[in-house]
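# Tertiary structure, described
Below are the chains, spelled out letter by letter.
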Amino acid sequence: GFKRSRHPQYTFHSTPELDFATILEDDKSVDKWLRPAPNQFNIYWHHQTRQYQPDFVVETKDTIYMVEVKAANEMEDQDVKEKAAAAKTYCQRVTEQIIKDGKKPWKYLLLPDSDINATNTFEWLRGKYEV
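Scope of this entry: the structure provided in the associated data block. (Residues numbered from 1 in each chain as written. Predicted model: local features only at pLDDT ≥ 70, side-chain atom pairs only at ≥ 80, totals over all residues. Heavy atoms only, no water.)

## A closer look at the side chain of aspartate 115
Topologically, aspartate 115 is positioned in the loop between strand 6 (106–112) and helix 3 (122–129). On the accessibility criterion, aspartate 115 (12% relative accessible area) is buried. Side-chain polar atoms of aspartate 115 contact the side chain of lysine 128, separated by 3.1 Å. (Helix = DSSP H or I, 4+ residues; strand = E, 2+ residues; numbered from the N terminus. Buried < 20%, exposed > 50% of the residue type's maximum accessible area, 1.4 Å probe, protein only. Polar contact = N/O pair within 3.5 Å; in protein donor to acceptor, adjacent residues only side chain to side chain.)

## Description of the side chain of arginine 126
One can find arginine 126 in helix 3. Judged by its relative accessible area of 13%, arginine 126 falls in the buried class. Setting aside its immediate chain neighbours within four residues, arginine 126 contacts Thr60, Asp62, Tyr65 and Leu109. (Contact = heavy atoms within 4.5 Å.)

## Describing the sheet that holds strand 5 (residues 64–70)
Strand order in the open sheet made by the four strands is 1-4-5-6, with mixed pairing throughout. Pairing within the sheet leaves two strands with one partner each, and these edge strands are strand 1 (30–34) and strand 6. Direction aside, neighbouring strands of the sheet carry axes that sit 25° apart on average. In the sheet, strand 1 pairs with strand 4 (residues 56–60) via four bridges, with the strands oriented antiparallel. Bridged to tryptophan 33 within strand 4 is valine 58. Taken strand by strand, helix 1 (residues 15–26) contacts strand 1, strand 4, strand 5 and strand 6, and its axis lies near 15° from that of strand 4. Where helix 2 (residues 78–98) meets the sheet, its contacts fall on strand 5 and strand 6, and the angle it forms with strand 6 comes to roughly 155°. (Pairing = 2+ DSSP bridges. Axes fitted to C-alpha atoms, helices over the stretch in contact; angles between N-to-C directions.)

## Looking at the packing of aromatic side chains
Considering all chains together, one arrives at 14 aromatic pairs under this definition. Ring centres 6.2 Å apart and planes at 40° place the aromatic pair phenylalanine 2 and tyrosine 10 in the tilted group. Overall, tyrosine 10 belongs to the buried group, its relative accessible area being 19%. The ring of phenylalanine 56 has arginine 35 lying over it, and the distance from NZ or CZ to the ring centre is 5.1 Å. (Phe/Tyr/Trp six-rings, centres within 6.5 Å; stacked < 30°, edge-to-face > 60°. Lys NZ or Arg CZ within 6 Å of the ring centre and 35° of its normal.)

## What to know about the nonpolar core
Within the largest apolar cluster, 38 residues are counted, with the highest numbers of intra-cluster contacts made by Phe20, Trp33, Phe56, Val58 and Phe122. Secondary-structure elements contributing two or more residues to this core are helix 1, strand 1, strand 2 (43–45), strand 4, strand 5, helix 2, strand 6 and helix 3. (Core = buried A, V, L, I, M, F, W, Y, C linked by side-chain atoms within 4.5 Å.)

Here you go:
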């Protein structure tokens with residue numbers, strides 16, 4: 001029964017993703033969030049041959065975040081880095097197009113699962129990992 005989400009129920013691929021959804025629900029800095037539908041974003045990586053699907057989109061008062069939750073031991077993997085680079089480029093391009101209309105900028109967050117726990121807030125996570 002999520003209240004800040006676009007949908008009341010979701011399926012998660014991992015416990016850290018579920019824990020992150022709980023963090024989003026509890027953090028007052030989060031206006032709303034969602035788990036994107038398959039193919040909702042046209043973000044390609046690996047020489048434009050593979051499509052990337054982010055785990056979450058989170059909206060705050062001043063920014064929209066595309067968020068990926070990843071196992072801490074995978075943070076330096078080449079595939080993870082390539083996906084992150086593609087997502088960052090996507091966020092930059094979207095922001096360039098919409099900022100002139102007074103809309104919120106988009107930013108990308110790559111979060112290690114080791115920092116996803118009940119004692120941390122989204123505000124803390126974005127402060128630590130926002131580029």
